[in-house]
Amino acid sequence: MRKPRLSGCRLLHGCVSLSPVLLFLLLLLPSSWMAAAQAQQAPQTDPVEAAAVNAILSKLGLSAPPSWNISGNPCSGAATDDTSIDDNPAFNPAIKCDCSDRNNTLCHVTRLKINTLDVFGPIPEELRNLTHLVKLKNYFYGPLPAFIGELTALESMTVGINALSGPVPKELGNLTNLLSLALGSNNFNGTLPDELGKLTKLRQIYIDSNDFSGPLPSTLSQLKNLSILWASDNNFSGQIPDYLGSLTNLTQLRLQGNSFQGPIPSCYDWESISPKEPWLSCLVT
């Protein structure tokens, strides 16, 4: 006589038959728990960038304040919320971060501000590790290093009213996302690199009150989006370039205090430019 076959379920005490749908949901639970745990975990600063921020501040004799450096994590507190750090003395030095990387678990430093403090130093080498910087506003002395051209995410670079010196490196032309470049009131010298013509997104450029010499590069004619050009109080020479008249978005042009020679060129619309100096009146031919 044939013995009846016993299913595995009958051999196990209290076994319950599971439907395929229920089995799928049970298998899904662990991954859901892991996702929830990741969502609850506070995002952390990229360790390379965190070390760079700490090294830069240390070299300048500064430290990260607890307002944006909670529990040793630079990208926390005011660094990630809606707090404005521009013109806010309560947040100086200060950083801002973007924590959207890797499913909102990894933060990158996008802004660095060290503004009008009684500390000065050369531009630290560690700055090159902040490759996600969009805005830089700092006070330094010494040369502008070539590695500044590695910070290709920069949209705004303000190093004016410093003691920076030497020539402007040609690598600055790699910062093709720049909208504003402020190098004014420093001790820069030499000629401007032709590579500045690659910065076709530029809207504002401040190179006034330095010791630049030679002619304005012809490649500046490619800066069609330029609305502000301050080049006053330098040692620029030669004729005022004709191409300035083709920069039709210009609203501010300052060239006084240089060694330009010859007539003021004919132009497209000098009347739109301010301040309206007598020597900037339009000569229409």
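Overview of the structure. Everything numeric here is computed off the predicted structure, so don't read it as measured data. (Residues numbered from 1 in each chain as written. Predicted model: local features only at pLDDT ≥ 70, side-chain atom pairs only at ≥ 80, totals over all residues. Heavy atoms only, no water.)

**Considering the packing of aromatic side chains**
To keep things clear, this is the line we draw: Note on ring pairs: Phe, Tyr and Trp rings are taken, using the six-membered ring of Trp, and paired if centres are within 6.5 Å. Classes follow the plane angle, with under 30 degrees stacked, over 60 edge-to-face and the rest tilted. By definition, any uninterrupted DSSP run of H or I lasting at least four residues is a helix, any uninterrupted run of E lasting at least two residues is a strand, and each is numbered from the N terminus. Burial classes: relative accessible area under 20% of the type maximum marks a residue as buried, over 50% as exposed, and values in between as partly exposed (1.4 Å probe, protein chains only).
Scanning all chains against the criterion turns up four aromatic pairs. With 6.1 Å between their ring centres and 10° between their planes, phenylalanine 188 and phenylalanine 212 make a pair best called stacked. Of this pair, phenylalanine 188 sits in strand β9 (residues 187-190) while phenylalanine 212 sits in strand β11 (residues 211-214), and the two are 24 residues apart along the sequence. With a relative accessible area of 0%, phenylalanine 188 lands in the buried category. Residue classification places phenylalanine 212 among the buried residues on the basis of a relative accessible area of 0%. The interplanar angle of 90° and the centroid separation of 5.0 Å between the aromatic rings of tyrosine 206 and tryptophan 230 together place this pair among those described as edge-to-face. With tyrosine 206 in strand β10 (residues 204-206) and tryptophan 230 in strand β12 (residues 228-230), this residue pair connects regions lying 24 residues apart in the sequence. The exposure classification of tyrosine 206 matches that of tryptophan 230, with both residues buried. Three or more aromatic residues link up through ring pairs in this structure, and these residues are Phe188, Phe212, Phe236 and Phe260.

**A closer look at the state of the cysteines**
As a reminder, the rule being used: Put simply, a disulfide is two cysteine sulfurs that come within 2.5 Å.
Summed over the entire model, instances satisfying the criterion amount to two disulfides. Linked covalently through their sulfurs, cysteine 75 and cysteine 97 form a disulfide whose S-S length is 2.1 Å. Measuring handedness by torsion sign, the sulfur bridge of cysteine 75 and cysteine 97 sits at about -75° and is left-handed. With a gap of 22 residues between them, cysteine 75 in the loop between α3 (47-59) and β2 (94-100) and cysteine 97 in strand β2 connect regions that are remote in the sequence. Cysteine 97 carries the same exposure label as cysteine 75, and that label is buried. What pairs with cysteine 99 in a disulfide is cysteine 107, and their sulfur atoms sit 2.0 Å apart. One quick way to see it: the torsion about the S-S bond of cysteine 99 and cysteine 107 is about 105°, and its sign makes the bridge right-handed. Judged by its relative accessible area of 0%, cysteine 107 is buried. Each bonded cysteine in the protein gets a number by its place in the sequence, and the pairs come out as 1-2, 3-4.

**A closer look at the pairing of β9**
Worth spelling out the cut-off: What makes two strands pair is DSSP finding at least two bridges between them.
In this sheet, β9 lies alongside strand β7 (residues 163-166) in parallel orientation, the contact comprising two bridges. What sits directly across from glycine 166, in β9, is phenylalanine 188.

**Here's the deal with unusual backbone geometry**
Omega for the peptide link from asparagine 92 to proline 93 comes to 5°, which places this bond in the cis form. With respect to the helices, strands and loops of the structure, proline 93 is situated in the loop between α3 and β2. Residue asparagine 104 is not a glycine yet carries a positive backbone phi of 65°. Take asparagine 104: it is sitting in helix α4 (residues 101-104). Residue asparagine 104 is classed as partly exposed on the basis of its relative accessible area, which comes to 47%.

**A few points about the environment of glutamate 171**
For the record, the criterion: Two residues form a contact once any of their heavy atoms are found within 4.5 Å.
Relative to the helices and strands, glutamate 171 resides in the loop between β7 and β8 (180-182). Taking the relative accessible area as the measure of exposure, glutamate 171 reaches 25% and is therefore partly exposed. Measuring from C-alpha to C-alpha, the distance between glutamate 171 and proline 145 comes to 8.9 Å, with 26 residues separating the pair along the chain. The residues touching glutamate 171, leaving out its near neighbours within four places in the chain, are Ala146 and Gly149.

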